[in-house]
Amino acid sequence: MTDAIRVSSPITGTDKEMSFEAGRLAQLADGAVLARLGGTMILATVTAAKSVREGMDFFPLTVDIEERAYAAGKIPGAFFRREGRLSDQAILICRLIDRPLRPSFPKGFRNEVQVVGTVFSADQENPHDILAINAASAALMISGIPFDGPIGAVRMAYTTEGEWVPHPTYVEGDEASFELVVAGRALDDSVESDVAIMMVEAGGTEGSFERYAQGAPKVTEEVLAAGLEASKLWIREAINLQRELVREFVAARGPLPPFPFTPVVDYGDDVFARVEAVGRDRLTEANALVAKAERNAALDAAAARIAEELGSEFEGRAGEIKAAVKALTKQLVRRRIVDEGVRMDGRGVTDIRPLSATIDLFPMTHGSALFQRGETQVVNVTTLAMPRMRQLVDTITPDEYRRYMHHYNFPPYSTGETGRVGAPKRREIGHGMLAERALVPVLPSEEEFPYTLRVVSDVMQSNGSTSMASVCGSTLSLMAAGVPIKAPVAGIAMGLVYDGGEYVTLTDILGSEDAFGDMDFKVAGSADAVTALQLDTKIDGLPADVLARALHQAKEARLQILEVITTAIAEPRPEVSEMAPKIVSMEIPIDKIGEVIGPKGKVINTLQQETGADIAVDDNGVVGTVTIGAKDGHAVEEARRRIALILDPPTAEVGAVYEGRVVSIAKFGAFVNLLPGRDGLLHISKMAPLNGGRRIGQVEDVLELGQALEVKVDDIDPQGKVSLSLVGDFPETDESRPRSEGRRDGGRDSDREGRRDGGRDGGRDHGRDGGRDHGRDSGRDSGRDSGRARSSSFEDAFEAELAGEIGDLGPGGPVLSEGEGEGRRRSRPRRR
């Protein structure tokens, strides 16, 4: 095994160190780097195909993150106990890596490239996403694959004191008001080179608006711009460390082998010249149409005519003609924006398409809304549920569950096309998580609003920024559902065209402008604070003044959208929908949790059955929380009333009679619930009336759990223990009545008489008691026929004979059945 090459560098402003190691693991890959930050370690490998697949008209880059459960000392919770599909968090990391890497490969490079990151160690303190971006770039740098890197990345947290902290831990991130992930590359090879921002992913944290209310500084456009500028220091440090790794690697292993490839040219210059000559006017005319469907139809018709005219001239080069038409269309759109300030649909660069907002679309949902911006249309539905419906998260991060879930669906009909419908793709997961990130900061706390929330955004039509339309529509549906959000949130997608040295920022971009532009810039927030930001650029660097102008332009658009939202619904409804469960929560002492749940859950299950409410009990190690929910508000109040009585139970009174219920059985008696939270003991010695005045062997012979009893409080000792006795008339049972005197004669007439007097099995209890209690019973029943004693003596002798043969049968053992005769035996039931 060869020696590993390792480089490390301290991180400015922290006590942490980042390191890269190469040359030991996965040496058959084109490039492999093991990166470490604290106790978190990830191996990034890159491999490239040696040739281009036939017909490949795009760059096939794939990124996968393998989060091994063992990295956090866990076993996967799935049925098969092994890792399965990528988690949502892993998919987001894949997208974070892909976005800055993809534009860094040379134009025309079409060889398939695969980046795989495997997390080997997760210390539950340092996130592995930033480490993965840096490690992937470092692996590419030593692979020989053509790559315009390195790419550096950093996470920044904005504290409640108004400072940007680099590489925060999970805890520091949760305590901050805002988190910012930034990736970029150096503009030259110098150590102090300026950094071009290539990718930004940012969002507020849970509870950030509560921190703002307590005096923490808000994250405004100016604060964001300062954070992006500050991030360049740590991006530069990551870049310089990768360059050091390359130098050490080359010094130890020799020069990197060149990666031969032939750039794929989509069209020749001769084809483009003829397409421009033949089709410029036609394409210009088609691009002037405002409606998307009409414009696309006109562009398709123009492209078909151009291909028809040039087909014979460039025989066998139809693909080049098609690619040249697309390139010319892009050029025309961009020049029109820069030269005339006019966009594809005729708007100016700062104009927003027509807006509309509607709520309460569907009667059975908890909250629904429709938001439309131009030809982009999204339906949003909010559903409220009990806290136990929150999503458990089985990942290697400290997160255990998600209380708020935002799911985004993009069906093929939204673009007028056919396609696969099924499991969400990575793009859909990414858009849903972006909308979720935008709304999390304004959600009420679980203590304030004890619901689990799910919002679904279904795209009905798409022509630009459906993710930001999802944010707007979700705000509407949340307020319609009665969720007390801290402030309405709106989102807007911005674009940028850089041509001829001039920067033009576009508000509310179309789908085509996104494809033809140089920047995709999405901003969401309230009227006075940013809650989420996503930025991707295709150019080298974004001047600070251009970025600041774009941020302020986005805020102006956001305020216009917020006005439309608040016109539809000014504030959250004071009550949740009648279709939603009514939920209340209450804190209880942790030592009272057992009383609320009861033995084996009997108390809480009884409460749920009798009130119809859904009750959940949880604790944080310090205090317990009881959550009660039901569609019927009266059921919630009744359950809360009963739980309050358990926590502060009423006092029983000596001599009072109560209708109770058996809640527990012990050898010495039964515990009977008299009042909520107040039980008493009915001792076994006081249960004789239930057995016709006879002594009983086991409590279960006469009582069972849940049985109703009328009892009287005999005594309450100084410790509050309640002693009970039975109340009421208890009819004699077949087993407690005296035997018929007619048995003495053994005749049939006497037998019939005995049945009238006591039933077929009268006097059976004497046989059960045997000779042990005979004297006592004789004294009690003095004056009765002495024939019963002879009957008892016979049974005593019979049982003694049986015991001699097969052992003691106990009080529930077989006895002679008088009604059966002929010496037959049958088992006496142990429970009535």
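Use the structure listed above.
Our subject in this report is the structure included herewith. (Residues numbered from 1 in each chain as written. Predicted model: local features only at pLDDT ≥ 70, side-chain atom pairs only at ≥ 80, totals over all residues. Heavy atoms only, no water.)

### Concerning the environment of Y658
Counted only if it meets this: Here a strand is any run of E in DSSP of at least two residues, a helix any run of H or I of at least four, and the numbering for each starts at the N terminus. Relative accessibility under 20% of the residue-type maximum defines a buried residue, over 50% an exposed one, and the middle range a partly exposed one, all with a 1.4 Å probe and only protein chains included. Contact between two residues is taken to exist if any of their heavy atoms lie within 4.5 Å; hydrogens are not considered. N or O atoms closer than or at 3.5 Å make up a polar contact, with two conditions inside protein: a donor-capable atom paired with an acceptor-capable one, and, for residues adjacent in sequence, both atoms drawn from side chains.
Note on placement: Y658 falls in strand 25 (residues 657-666). Take Y658: its relative accessible area is 15%, and that puts it in the buried class. Remark: the alpha-carbon pair of Y658 and V711, spanning 53 residues in sequence, is separated by 5.5 Å. Excluding its chain neighbours within four sequence positions, the residues that come into contact with Y658 are T651, A652, E653, L674, L675, L709, E710, V711 and V713. There is a polar contact of 3.1 Å between the side chain of Y658 and the backbone nitrogen of E653.

### A word on helix 15 (residues 633-647)
The cut-off we apply is this: By this rule, a helix spans an expected 1.5 Å times one less than how many residues it contains. Throughout, the arc means the angular range of directions from the helix axis out to the C-beta atoms.
The first and last C-alpha atoms of helix 15 sit 21 Å apart over 15 residues, in line with the 21 Å expected at 1.5 Å per residue. Those residues of helix 15 that fall on the buried side of the exposure criterion are A635, V636, A639, I643, I646 and L647. Along the long axis of helix 15, the arc covered by the buried residues comes to 110°, so they all point the same way. Where helix 15 is buried, its residues contact strand 22 (582-589), helix 13 (593-597), helix 14 (602-611), strand 23 (614-619) and strand 24 (623-630). The residue sitting at the N-terminus of helix 15 and contributing the capping side-chain oxygen is D632; that oxygen lies 3.0 Å from the backbone nitrogen of H634.

### Quick word on the sheet that holds strand 13 (residues 376-385)
We count it as follows: Criterion used throughout: strands pair if DSSP finds at least two bridges between them. Lines fitted to C-alpha atoms define the axes, with helix axes restricted to the stretch in contact, and inter-axis angles between N-to-C directions lie between 0 and 180 degrees.
Overall, mixed pairing links the 5 strands, which are arranged 11-12-13-17-16 in an open sheet. Either end of the sheet is taken by a strand with one partner, and the two such strands are strand 11 (355-359) and strand 16 (404-409). Across the sheet, the mean angle from the axis of one strand to that of its neighbour is 15°, orientation sign disregarded. Sheet topology places strand 11 next to strand 12 (residues 367-373); 5 bridges connect them, and they run antiparallel. When the bridges of strand 12 are listed, L355 appears paired with R373. Along the sheet face, helix 10 (residues 466-480) touches strand 11, strand 12, strand 13, strand 16 and strand 17 (452-461) and points at about 145° away from the line of strand 12. This element, helix 12 (residues 544-568), spans strand 11 and strand 12 of the sheet and lies at about 30° to strand 11.

### Thoughts on helix 1 (residues 88-101)
For helix 1, which comprises 14 residues, the first-to-last C-alpha distance of 20 Å matches the rise-based estimate of 20 Å (1.5 Å per residue) to within 8%. The element helix 1 is largely enclosed, with a buried count of 11 among its 14 residues. Every buried residue belonging to helix 1 is among A90, I91, L92, I93, C94, L96, I97, D98, R99, P100 and L101, and all of these are buried.

### Observations concerning the pattern of salt bridges
Put simply, the rule reads: Counted as salt bridges are all cases of a side-chain nitrogen of Lys or Arg within 4 Å of a carboxyl oxygen of Asp or Glu.
Overall, the coordinates contain 47 salt bridges when judged by the stated rule. Between R68 and E66 there is a salt bridge whose closest N-O contact spans 3.3 Å. R68 sits in the partly exposed class, given a relative accessible area of 25%. Between R99 and D536 there is a salt bridge; the shortest N-O distance is 2.7 Å. Of this pair, R99 sits in helix 1 while D536 sits in strand 21 (residues 530-537), placing them 437 residues apart in sequence. In terms of burial, R99 and D536 fall into one category: buried. Through salt bridges with shared partners, a single ionic network connects R334, R335, D339, D499 and D518.

Everything listed here is a matter of coordinates, which is why it stays silent on function.
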